[in-house]
Amino acid sequence: MDLRFGDSKPTDEERDAVDALLGPPESAWEGADDRSDADLRWARGGRAARDRRDLLLPGLHALNDRVGWISEGGLDYLCRRLTVPPAEAYGVATFYSMFSLKPRERTVVRVCTDLACAVRGAVPSAERGGAVAGVTVEDSPCLGLCERAPAVLTIRAGAPGAPPRTPNRRSAPRPQAPDGLSPAHPAPAEISARPAFEDEAEGRRGEAVPQAGDPALILLRRVGVVDPASLDDYRAHGGYTALRRAFALGPAAVIREVTDAGLVGRGGAAFPTGRKWQATAAQPDHPHYLVCNADESEPGTFKDRVLMEGDPYALVESMTIAAYAVGARHGYLYLRGEYPRARRTLEHAIGEARARGLLGEDILGQGFSFDIEIRRGAGAYICGEETALFNSIEGYRGEPRSKPPFPVEKGLFGKPTAENNVETLVNVLPVLTLGAAAYAAIGTPKSTGPKLFCVSGAVSRPGLYELPFGATLGDLLGLAGTPDTLRAILLGGAAGGFVRPDELDIPLTFEGTREAGTTLGSGVVLAIDDSVPLPRLLLRVAEFFRDESCGQCVPCRVGTVRQEEALHRIADRRGAAAAADIALLRDVGRAMRDASICGLGQAAWNAVESAIDRLGAYA
Ligand code: SF4
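Rules behind the numbers
Residue numbering note: each chain is counted from 1, following its sequence as written. With the structure being a predicted model, the display of local features is reserved for residues of pLDDT at least 70 and the display and counting of side-chain atom pairs for 80 or more, all residues being used for whole-chain, interface and lining totals. Note that the side-chain values use all heavy atoms of the structure and ignore hydrogens as well as water. Comment: elements are numbered from the N terminus, with helices defined as DSSP H or I runs of at least four residues and strands as E runs of at least two. For every residue, the accessible area (1.4 Å probe, protein chains only) is compared with the maximum for its type, and the residue is labelled buried under 20%, exposed over 50%, or partly exposed between those bounds. Areas reported as accessible are Shrake-Rupley estimates using a 1.4 Å probe. Residue values count occlusion only from the protein chains shown. Nonpolar core, defined: a set of buried Ala, Val, Leu, Ile, Met, Phe, Trp, Tyr and Cys residues in which side-chain atoms within 4.5 Å join the residues together. Note on contacts: a residue pair qualifies if any of its non-hydrogen atoms lie within 4.5 Å across the two residues. Definition used for salt bridges: Asp or Glu carboxyl oxygen within 4 Å of a side-chain nitrogen of Lys or Arg. Confidence per residue, as judged by the predictor, is encoded in pLDDT with a range of 0 to 100. Within 6.5 Å between ring centres, the rings of Phe, Tyr and Trp (the latter by its six-membered ring) count as paired, and their orientation is classed by plane angle as stacked under 30 degrees, edge-to-face over 60, tilted in between. Lysine and arginine charges are scored as sitting over a ring when NZ or CZ, respectively, is within 6 Å of the ring centre and within 35 degrees of the ring normal. Note: two strands are recorded as paired if DSSP finds a minimum of 2 bridges between them. The convention used is that axes are lines fitted to C-alpha atoms, helices contributing only their stretch in contact, and that angles between N-to-C directions extend from 0 to 180 degrees. In this analysis the probe radius is 1.4 Å and the grid spacing 1 Å, with only protein atoms considered; a cavity is a set of points the probe fits into but cannot get out of, a pocket is an open set with protein on both sides within 12 Å along at least five of seven lines, and lining residues have an atom within 4 Å of a point. Grid points are joined across faces, edges and corners, and a volume is the space filled by probe spheres set on the points. Each residue is assigned to one class: nonpolar for Ala, Val, Leu, Ile, Met, Phe, Trp, Tyr, Cys and Pro, charged for Asp, Glu, Lys and Arg, and polar for all the others, Gly among them. By the criterion applied in these results, polar contacts are pairs of N or O atoms within 3.5 Å in which, for protein atoms, one can donate a hydrogen and the other can accept it, and in which residues neighboring in sequence qualify only through two side-chain atoms. For classification, angles of less than 35 degrees are called roughly parallel, those exceeding 145 degrees roughly antiparallel, those between 65 and 115 degrees roughly perpendicular, and all remaining angles oblique.

In terms of helices and strands, the protein chain carries 25 helices and 13 strands. Across the 619 residues that make up the protein chain, the buried fraction comes to 60%. In the structure as shown, the protein chain presents an accessible area of about 23400 Å², 51% of it carried by carbon and sulfur atoms.

One finds Tyr96, Trp277, Leu333 and Phe498 to be the most contacted residues of the largest nonpolar core, which totals 158 residues. Filtering out sequence-adjacent residues up to four positions away, Tyr96 remains in contact with Leu57, Tyr334, Ala378, Gly379, Ala380, Cys383, Ser392, Tyr396 and Gly398. By size, the runner-up hydrophobic cluster in this structure holds 22 residues, among which are Leu473, Leu486, Phe510 and Val525.

Okay, the pattern of salt bridges next. Following the criterion strictly, the structure yields 40 salt bridges and no others. For Arg81, the salt bridge goes to Asp19, with nearest N and O atoms at 2.9 Å. Of this pair, Arg81 sits in helix H5 (residues 72–82) while Asp19 sits in helix H1 (residues 12–22), and the two are 62 residues apart along the sequence. Neither Arg81 nor Asp19 differs from the other in exposure class; each is buried. A salt bridge links Glu609 to Arg593, with the shortest nitrogen-to-oxygen separation between them at 2.8 Å. With Glu609 in helix H25 (residues 606–613) and Arg593 in helix H23 (residues 576–595), this residue pair connects regions lying 16 residues apart in the sequence. Look at Glu609 and you get partly exposed, because its relative accessible area is 22%. A relative accessible area of 33% places Arg593 in the partly exposed class.

A separate point is helix H6 (residues 86–93). Every buried residue of H6 is listed here: Pro86, Ala89, Gly91, Val92 and Ala93. On its buried face, H6 is in contact with helix H4 (56–67) and H5.

Another aspect to go through is the confidence of the model for the protein chain. Keep in mind that low pLDDT regions are not for reading the predicted coordinates in detail. Summary statistics for the protein chain give a mean pLDDT of 89 and a share of 88% for residues scoring 70 or more. Note that residues 165–200 has pLDDT below 50 and, in this model, 99 contacts with residues that lie over four places away or in other chains.

What follows covers the packing of aromatic side chains. Under the definition given, this model contains 15 aromatic pairs. On the numbers, 5.9 Å between centres and 70° between planes, the contact of Tyr96 with Phe99 is edge-to-face. A network of ring pairs unites the aromatic residues Phe247, Tyr324, Phe368 and Phe370 as a single cluster. The ring of Tyr396 carries the charged tip of Arg53 above its face, separated from the ring centre by 4.0 Å.

The next point concerns the sheet that holds strand E11 (residues 488–491). Within a sheet, adjacent strands bond to each other through the backbone by hydrogen bonds, running parallel or antiparallel. The strand order across the open sheet built from five strands is E10-E9-E13-E11-E12, with neighbouring strands paired in mixed fashion. This sheet does not close on itself; its edge strands, each paired only once, are strand E10 (463–468) and strand E12 (497–499). Taking the axes of each pair of neighbouring strands and ignoring which way they run, one obtains an average angle of 30° across the sheet. As paired elements, E11 and strand E13 (residues 524–528) share four bridges and run antiparallel to each other. When the sheet's bridge partners are listed, Ile489 is paired in E13 with Ala527. Strands in contact with H25 are E11 and E12; relative to E12, the strand with the most contacts, it is inclined by about 25°.

You can see Asp16 is positioned in helix H1. When the C-alpha positions of Asp16 and Arg66 are compared, they lie 9.0 Å apart, and in sequence the two are 50 residues distant.

The subject of this paragraph is the sheet that holds strand E8 (residues 417–421). Spatially, four strands are ordered E7-E6-E5-E8 in an open sheet, and the strand pairing comes out parallel. The sheet terminates laterally at strand E7 (371–376) and E8, the two strands that pair on one side only. Neighbour-to-neighbour, the strand axes of the sheet open up by a mean angle of 20°, direction not taken into account. Across seven bridges, strand E5 (residues 288–294) lies against strand E6 (residues 328–335) in parallel orientation. Each residue of the ladder has a partner; that of His288, found in E6, is Ala328.

Attention now goes to empty space enclosed by the protein. Going through the model one piece at a time under the given rule, you end up with five cavities of 30 Å³ or more. Roughly 130 Å³ of internal volume is contained in the largest cavity. Lining the largest cavity are 15 residues; nearest its centre among them are Asn64, Asp65, Met98, Arg104 and Ile155. Elements represented by at least two residues in the lining of the largest cavity include exactly H4 and strand E1 (107–112). Examining the composition of the lining of the largest cavity, we find that three residues originate from one element, H4, more than from any other. Grouping the amino acids of the lining of the largest cavity by side-chain chemistry returns six nonpolar, three polar and six charged.

With that settled, consider the side chain of Ser522. With respect to the helices, strands and loops of the structure, Ser522 is situated in the loop between helix H20 (510–515) and E13. Side chain to side chain, Ser522 and Thr301 meet in a polar contact 3.3 Å long.

Contact pair helix H13 (residues 303–310) / helix H17 (residues 422–434): the axes reach a minimum separation of 9 Å and the direction vectors enclose 50°. One way to sum up the angle between H13 and H17 is to call them oblique. Facing Lys303, Asp304, Leu307 and Met308 of H13, the residues of H17 in contact are Val422, Glu423 and Val426. Its residues placed into classes, the contact of H13 with H17 shows four nonpolar, no polar and three charged.

Next up, the structure:
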């Protein structure tokens, strides 16, 4: 593709898709066909158009949703509308795995070949073979449907409401509208995600939560119990009690409660949430932003999806509380592109909350105004890193920024920003309804509160589990049911580490897993039996990091490639025959850990190292 404005024209469909997002062009400078007298006297676009750079990613989605891929003409038109150099837009579009700049079918089926699905029998396309007419089939990293693996995601391009052009019930069944949902904004294209051979509605009946209905649950107590489309049902089950208490306390006291409760981030870094909020609230620069990181992409993680699909108002309420505490009037919810159901439930919930005075101006008559905008990711694991996520929203490649400055000082659009993930935010509700002391009494002194665990792989009851911090790995796997052939457990996902079946007494706390030389990460617990060879899983981990490295720094860009090459070489070797490559892996792993800019490179060797040292892989 040419990297400057070319002569390619957008099709009517592409022009419609972009204009539906940006409005019709006001002048020939912005891509209108007819040049008016006014156009000859002054130029339009310029700075005002460039200020809309953050609409580049939604614009790329608009094109991809409508046509199924992004043509040169479509990209050029979008660039003219936003005054973005085509070379830069090309760099952004090619950053995301869900976009294609080559023609493909309107129906795309993405088949998950990641760890949890591999353990349940999914195989890469190179081994699958076979083509389906009218459908493009692609391999995909984890789709976040691990509890019902193996999984596929079907994306059908087209105009809103248009019937699908290429129905193929065998390989890509037509998506059904979710029961009882009437999205506030119609979806720009038909898009569905389903576990293979299952009905879409199953995702909303609580099957993902084997403990559903247990009165001891705190975070999951409404999932599978309330109607996620009903604000009244949410309120009948205690919804908006926490927000009322927050308004009664005031922002400073809310931050104090969160700090006293000992709440720390649940994404893996375990940073104290109260400290982050305090630092953001104290910044003199304005506006302040709140960003909800709903881009959970760690292989094996699906907790945020289950929360958003099953209890969407809880996220809306907790984001409102967080914004109130840090002084933000605008919140962005950055949602994984692979979560269409969550998008529909959240769009509906946000629309309802707005209509009922729970978002927008003067919420509950308290003089506080706040609204939430959903931004869709497009398939890039690295966008789960907070500064990469900011770049993605701003319309740039999702590459992590060097820190400092930290996001609380200069985050989204260079302004003070509090960024929290979904599980962290929904924990704020029990902090306020139970009170800080009662919340802190749950778990252990250093790991307070309840914790969600995504259990998948070789277990008889996979799903999302809630336990207080301090329960052991054995307690958790006892609930999920493990086979006699259990070979290993992967904690924390691809960036985590393996432990042995004789280590089930590891306490599931930040300090307990650290002491045991492993990590809790984002709460992934993937049970592995003998059915899949360990070297194959390690190769998948290495391939994942090689694919997902943003390429910005050398240790990670080169190291992830070298790691994969070495693992290929020793896939069938043991002992002395593998020793030289294992020594190389250790060197490369150390370099990545010491010198990479962000957590991806620093953690890319963790799982392989633990498999070698703990499980005796290749011995
Ligand atoms: S560590 Fe990897 S993902 Fe992170 S900035 Fe460097 S190249 Fe990019």
